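Single-letter residue listing:
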Protein chains: 4
Amino acid sequence: MSKKNSYKKLKHKLHEIIYEADTPTGKIFDIVLLIAILASVLFVMLESIDSIQEKHGYLLNIAEWVITILFSIEYILRIFSINKPAKYIFSFYGVIDFLSTVPKYLSLILVGSHNLVALRALRLLRVFRILKITRYVGESNRLMIALKASKAKISVFLFFVLILCIILGTIMYMIEGAENGFTSIPRSVYWAIVTLTTVGYGDIAPQSPFGQLIASIIMILGYAIIAIPTGIVSSQLTKVEMTETNTQSCPNCLKSNHKENAEFCYNCGSVLNP
Amino acid sequence: MSKKNSYKKLKHKLHEIIYEADTPTGKIFDIVLLIAILASVLFVMLESIDSIQEKHGYLLNIAEWVITILFSIEYILRIFSINKPAKYIFSFYGVIDFLSTVPKYLSLILVGSHNLVALRALRLLRVFRILKITRYVGESNRLMIALKASKAKISVFLFFVLILCIILGTIMYMIEGAENGFTSIPRSVYWAIVTLTTVGYGDIAPQSPFGQLIASIIMILGYAIIAIPTGIVSSQLTKVEMTETNTQSCPNCLKSNHKENAEFCYNCGSVLNP
Amino acid sequence: MSKKNSYKKLKHKLHEIIYEADTPTGKIFDIVLLIAILASVLFVMLESIDSIQEKHGYLLNIAEWVITILFSIEYILRIFSINKPAKYIFSFYGVIDFLSTVPKYLSLILVGSHNLVALRALRLLRVFRILKITRYVGESNRLMIALKASKAKISVFLFFVLILCIILGTIMYMIEGAENGFTSIPRSVYWAIVTLTTVGYGDIAPQSPFGQLIASIIMILGYAIIAIPTGIVSSQLTKVEMTETNTQSCPNCLKSNHKENAEFCYNCGSVLNP
Amino acid sequence: MSKKNSYKKLKHKLHEIIYEADTPTGKIFDIVLLIAILASVLFVMLESIDSIQEKHGYLLNIAEWVITILFSIEYILRIFSINKPAKYIFSFYGVIDFLSTVPKYLSLILVGSHNLVALRALRLLRVFRILKITRYVGESNRLMIALKASKAKISVFLFFVLILCIILGTIMYMIEGAENGFTSIPRSVYWAIVTLTTVGYGDIAPQSPFGQLIASIIMILGYAIIAIPTGIVSSQLTKVEMTETNTQSCPNCLKSNHKENAEFCYNCGSVLNP
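Residues numbered from 1 in each chain as written. Chains lettered and ligands numbered in written order. Predicted model: local features only at pLDDT ≥ 70, side-chain atom pairs only at ≥ 80, totals over all residues. Heavy atoms only, no water.

So, on to the overall build of chain A. Regarding its fold elements, chain A presents eleven helices and zero strands. Listing the helices and strands of chain A from first to last along the sequence gives α-α-α-α-α-α-α-α-α-α-α. Expressed as a percentage of the 274 residues in chain A, the buried residues total 47%. Contacts in chain A between residues far apart in sequence, at least 24 positions, make up 55% of those at least 6 positions apart. Taken as a whole, chain A presents about 13,600 Å² of accessible surface, with 68% of it coming from carbon and sulfur. (Helix = DSSP H or I, 4+ residues; strand = E, 2+ residues; numbered from the N terminus. Buried < 20%, exposed > 50% of the residue type's maximum accessible area, 1.4 Å probe, protein only. Contact = heavy atoms within 4.5 Å. Areas by Shrake-Rupley, 256 points an atom, 1.4 Å probe, with all protein chains shown as cover.)

See below:
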């Protein structure tokens, strides 16, 4: 076997390990990566706490270098083992993977400017790596079907909520005014969102009796309106759960989505496989 | 063709563009109007921020004049192209359209009183124009059917919540009293609404142990009560979603509950009536 | 006709007007009573606002006397027109009706002690009269059926929430302690309820990182747990809505709850009335 | 009958009383235990209030000794009456039962160190005994079936919420920074959880306009996302509730969907198979 052939074989083997999870080594790779990502997120979080950074800054630096080198190796292997590297490099995860390793190396070159704000921000992007974990979560297909089916309705609903908040915010700006904390319409709209969604920080709160009346109406509205997205998702999920269609397709016309106990195709009348 | 005829034709053409959205020009008109409305709402919001008003007041003034003239032309064309102008003028949108253009012209006449409060308030009414956008949103018919069907039940529910808040507010007024911030019954009722709807500003909060006990009960009540409107909307939507199956039964085996587009019985394979 | 007979007739007529709502005079009586109750609640609320009490105290006093005399007449007529007065007098509404008239008369006798706290508290009981309005609300039977059916489940749920809050409150008392506002276990339990129900006043908030971790878990728990009562009511309402049973009972075995399109009794097989 | 036999009989009798609830004495034991647990929880709570501890400390001490001795007797009897004591001793309740009696005895030995913090913490563990009460709550089987069925989906959902909060918290840390209260990423994540779950303490709140914009998006997101767990539980419960109809179809007309207790077909009146 030629050298080229063994190179190809290695590439194929690596692809199997990195991009697939069926083989034992593929599974081990996934678990190691998962732990590394969780550790890197933990380090990013710990680093942002001043007291920890002061005391254990040296340890965190070492830990970060370990993670960075691990991620760098992963990044290089991913490019090496795929047939079309560009596809990976310019994908969402490709960009995130790149941005989560580069800042640490840059910090070597820009020694003096160690605390460069932009660099720090770049390093925080590593948090997005956590999204990779979502791949490991079981698909939970029905939930996704129901959510996709209700996407349009929920968009309409959110759009309606936004318009409502703009109008209610403007009304409150007229009633309460700057002296009660409603200094501008965007700020009033922010308050309306805080109130309608029942978050209620309390940093801005109506002071005049009439303002409190309007606020009460907004709250009760928000309390009732929340029923709408909930109802949408509930009904969709119920529908998906109840119409337990079996997964086979008709041997004659290929139509699927038959009733669970169907014996004949609802479309062409052929006998279905039991 | 007479002049009158061509006038009629123009009127008809304009009606098609302004009031209908089927023709290409009608669609372009709609999109331009939509952008203009969103821009006008944005300007209203930006204008209310003092720092922006100070810096970019001149630019905002020009932008507002452009919007005002655009809206004025639209208003005149709408009156011109409709057969019964009064119907439009005194409709909700007609009044809003009028009120959203007039204040800017008034500001020319009442030069000295540029900051007249009433005028400023009138200008804010332009925000209601945003409601026009709701026309462009897909009808989402089923949602509307379900909401209309649950309107009566939700009204009963909101009425019950209001009575509950009045009673609970009065009780808290007796328990906590003015020294703990519950200075009057309306204010206590306001607090009860803030608490029951789980908004929880924290501007008024019970201080006495007994008051906190009652408050705890109100919170748990609010936490459980929210299930009612949600349940109402969910069940209505589920009903609407589920009754998609057609109502006929198989002429051979009498089975019903066929899929909406079924042509053959899923049980015995007989041809269903179309 | 003897005097006694005409007395009986008057009593019967009054009973019809006061206790029934089918006759025109009965309806008028109901509407007048409804307005009087709403007015009395409004007066109680206004009276509690110090600034209004100071300015319009005299007017409010007159208005209260009018309401008190109206309610007194209603109370006397109710006792007079019913066959078993004791049944009314010791009913919930009978006690409330009595307590909502008496304090005003007592204020005449106890002139000096006009601001007697106990008396003031008694007068506030008039607010409970607002519950009478609930009688006028359409029954909304299905909602009640569903709520009654879910009562047991929701009780279990609320009981579980309470135990959870006691345990979580105790844990937070140990973690945060008196120096961070968690001065006692009942107060910590109060905080746990405020947090779990997503009310979130912010008057007590965890300060230590570990406390904030536990608080985060409580919040996410509360956010997920709210799904349970909502799910209970939704499913019950869906069941009630979907199983549209017709209201007739079997002419043979008297069983009811037949399927809407049932033609034969599911219990004894007799033909049902169409 | 030998001594050993009567010992065995006593042991069996005790087992019946303590571990089973079918006999009258078993029921009385359960009720006494239940009251003792509730009382002990009440005492733990009261003890933590400084003002009550000062005034009634002596009484509380006596009450605690009574409870401690009662629980000790119960603990010994439980060990004595079970065949495999180790199974009970190392069970969750066994450990809790032990830990809820020991601290009081330790306080005798460690007289000087009466307020030992660790000891106090141990005594608070008695609160967990309240979990025993949950055994007395009717099983509410269907609720449990539905919750178990939705466990996987809700876990996925909570995991997704957590990732969302970490990312949103990191973004807010970059936008707002330490000067606006977002001093570290964990604290920002805590804020994101407080906001997304609509708790909204207000101890940390965004100050910059851009931060308030992101906060608004988080709130609306939280307001919409809550629909997902609710929908999951609702649909599961609906499914469980609705599948109460029996699965057989009529032997004569083949109609299915009969009521669970139906003996005759609702469509043709034929006798159904039992």
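Our next topic: the domain arrangement of chain A. Assigned domains within chain A: domain 1 (2–136) and domain 2 (142–242). Averaged C-alpha coordinates put domain 1 of chain A and domain 2 of chain A at centres separated by 40 Å. (Domains from an automatic or database assignment.)

Bringing the pattern of salt bridges into the picture now. Residues and elements named next belong to chain A. Inspection of every chain in the model, using the stated rule, returns nine salt bridges over all chains. A salt bridge links Glu-74 to Arg-78; the shortest N-O distance between them is 2.6 Å. Taken together, the residues span about one helical turn, with Glu-74 and Arg-78 both in helix H3 (residues 50–81) at a distance of four residues. The same class applies to Glu-74 and to Arg-78, which are both buried. (Salt bridge = Lys/Arg side-chain N within 4 Å of Asp/Glu carboxyl O.)

If you look at the biggest cluster of nonpolar residues, it comprises 249 residues, and the most contacted ones within it are A:Trp191, B:Trp191, C:Trp191 and D:Trp191. Ignoring any residue separated from it by four or fewer positions in sequence, one finds D:Trp191 in contact with A:Tyr201, D:Met172, D:Phe182, D:Ile204, D:Ala205, D:Pro206, D:Ala215 and D:Ile218. (Core = buried A, V, L, I, M, F, W, Y, C linked by side-chain atoms within 4.5 Å.)

Moving on to the packing of aromatic side chains. Within this structure, the stated rule accounts for 28 aromatic pairs over all chains. Taking the centre distance of 5.1 Å and the plane angle of 75 degrees together, the rings of A:Phe182 and A:Trp191 count as edge-to-face. For A:Phe182, a relative accessible area of 1% gives the class buried. Ring plane angle 20 degrees and centroid distance 6.3 Å describe the contact between B:Tyr223 and C:Phe157, whose orientation is recorded as stacked. Here B:Tyr223, found in helix H10 (residues 209–225), pairs with C:Phe157, found in helix H8 (residues 141–176), and the two come from separate chains. (Phe/Tyr/Trp six-rings, centres within 6.5 Å; stacked < 30°, edge-to-face > 60°.)

Moving on: unusual backbone geometry. Despite not being glycine, B:Thr198 shows a phi value in the positive range, around 60 degrees. Considering the arrangement of structural elements, one finds B:Thr198 in the loop between helix H9 (185–196) and H10.

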